[in-house]
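Chain by chain, the residues run as shown.
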Amino acid sequence: MTTNNPADTPANNSATTPVNTPATPAGDAAATPISQETQAALASTPHAPNSPGATHIRSFVHRRGHITQGQLAALERLMGQWSIPYAPRRLDPAAAFGREAPTVLEIGFGMGETTEKIALARPGDNFLGVEVFNAGVGSLLRRIEDSSIPNLRIIQHDAVEVVRDMIAPDSLAGVHIYFPDPWPKKRHHKRRLVQPPFIALLASRIAPGGYIHCATDWEEYAVQMLEVLGNEPLLKNTADGYAPRPDYRPLTKFETRGLRLGHGVWDLIFKRVA
Ligand SMILES: C[S@@+](CC[C@H](N)C(=O)[O-])C[C@H]1O[C@@H](n2cnc3c(N)ncnc32)[C@H](O)[C@@H]1O
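Since the structure is predicted, the reported quantities are computational estimates derived from the model, not experimental observations.

Calculation notes
- Residues numbered from 1 in each chain as written.
- Predicted model: local features only at pLDDT ≥ 70, side-chain atom pairs only at ≥ 80, totals over all residues.
- Helix = DSSP H or I, 4+ residues; strand = E, 2+ residues; numbered from the N terminus.
- Buried ≥ 20, exposed ≤ 12 C-beta atoms within 10 Å, placed from the backbone.
- Contact = placed C-beta atoms within 7 Å.
- Pairing = 2+ DSSP bridges.
- Axes fitted to C-alpha atoms, helices over the stretch in contact; angles between N-to-C directions.
- Near = placed C-beta within 6 Å.
- Nonpolar A, V, L, I, M, F, W, Y, C, P; charged D, E, K, R; others polar.
- Right-handed = clockwise from strand over helix to strand, strands pointing away.

## Some words on the environment of Gly 258
Okay, step 1: In this fold, Gly 258 is placed in helix α9 (residues 253-260).
Okay, step 2: What makes Gly 258 partly exposed here is the crowd of 15 C-beta atoms within 10 Å.
Okay, step 3: Aside from chain neighbours lying at most four places away, what touches Gly 258 is Asp 217, His 263 and Val 265.

Below, the structure is given as structure tokens:
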């Protein structure tokens with residue numbers, strides 16, 4: 001999947017954008033969008049996907065990719081309404097979502113098809129989607145508006161920094177990492193997200209009893225995931241090895257085609273221990 005440079009778009013997380021209420025909130029999760037006050041309070045630093053001085057190897061590269069007019073328009077119009085600017089300080093999820101509810105973090109939502117389906121199917125949970133890719137963020141913003149999804153917020157930033165700086169320890173009900181870039185060449189393996197230091201950080205942010213759910217169609221990365229998650233002392237496997245795909249994770253189009261061609265998909269679901 002290609003990424004382009006979010007800093008190049010006219011969209012930013014300006015706290016000055018008017019805040020509207022979605023037309024028909026789904027389910028019983030009729031949370032209000034982020035208020036202007038909350039946005040202003042959260043927006044202590046500008047949106048900074050290319051923040052200089054990063055001390056870790058990025059799991060993504062910025063490349064100019066195709067973005068549709070609709071996605072671009074969504075970025076310009078809806079970013080201030082449904083996104084939370086990156087800031088190097090703790091996020092208050094109750095303020096960000098306008099309600100207290102279990103919060104599930106999704107890292108790298110791509111075009112957001114799965115994110116949309118899961119957020120609609122689980123109206124009692126809050127979903128925080130993190131993605132760096134402009135077209136993907138624009139696409140999910142459109143879905144939030146078109147499907148009136150009240151329980152979803154977006155942060156357009158490197159998830160490593162979001163988890164490190166914005167997510168409080170022992171706070172997440174769950175983490176979803178679906179089909180992360182496999183970085184197949186050996187010299188690029190260092191860019192893979194699922195590696196011991198990041199998983200240790202992530203595990204520390206999950207509440208005891210919460211879960212991390214990863215899925216991949218790259219067998220050798222699945223093996224790495226099993227090893228990394230299995231060696232993290234704060235996590236315990238819910239299955240004996242790979243887990244069956246739970247009903248809440250819908251099959252993607254790509255996955256359906258792959259399965260027809262005999263390709264494998266591996267799900268891993270681990271729980272945070274006390
Ligand atoms: C292969 S795509 C998978 C997208 C989606 N989860 C799916 O199943 O279709 C991986 C996505 O992760 C995003 N990504 C990679 N590293 C990231 C990071 N550190 N922070 C946020 N997003 C990241 C990429 O931009 C890309 O959109």
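Resuming the write-up.
## Digging into the sheet that holds strand β3 (residues 152-156)
Okay, step 1: Sheet architecture is open: seven strands sit in the order β3-β2-β1-β4-β5-β7-β6, paired in mixed fashion. Where the open sheet ends on each side, the last strands, each with one partner, are β3 and β6 (235-237). Adjacent strand axes in the sheet meet at a mean angle of 20° when their direction is disregarded.
Okay, step 2: Pairing of strand β2 (residues 126-131) with β3, which is carried by five bridges, proceeds in the parallel orientation. Bridge assignment links Leu 128 to a residue of β3, and that residue is Arg 153.
Okay, step 3: Sheet contacts for helix α5 (residues 134-146): β2 and β3; angle to β3, the most-contacted strand, approximately 165°.

## Thoughts on unusual backbone geometry
Okay, step 1: Phi angles above zero are rare outside glycine, and Ser 148 is one such case at about 50°.
Okay, step 2: One can find Ser 148 in the loop between α5 and β3.
Okay, step 3: Judged by the 16 C-beta atoms lying within 10 Å of it, Ser 148 falls in the partly exposed class.
Okay, step 4: Look at Phe 179: it is not a glycine, yet its phi comes out positive at around 50°.
Okay, step 5: Residue position: Phe 179 is located in the loop between β4 (172-178) and α7 (196-205).
Okay, step 6: With 19 C-beta atoms counted inside 10 Å, the residue Phe 179 sits in the partly exposed group.

## With respect to the site of the ligand
Okay, step 1: Neighbouring the ligand are 23 residues, the closest being Ser 59, Gly 108, Gly 110, Ala 159 and Phe 179.
Okay, step 2: Of all elements in the fold, only β2 and α6 (159-166) reach the threshold of two or more residues within the shell around the ligand.
Okay, step 3: Across the shell around the ligand, the residue classes break down as 13 nonpolar, seven polar and three charged.

## Focus on the pairing of β3
Okay, step 1: The buried count for β3 comes to five of five residues, which makes it a mostly enclosed element.
Okay, step 2: Taking the sense of rotation as the criterion, the β-α-β connection linking β2, α5 and β3 turns out right-handed.

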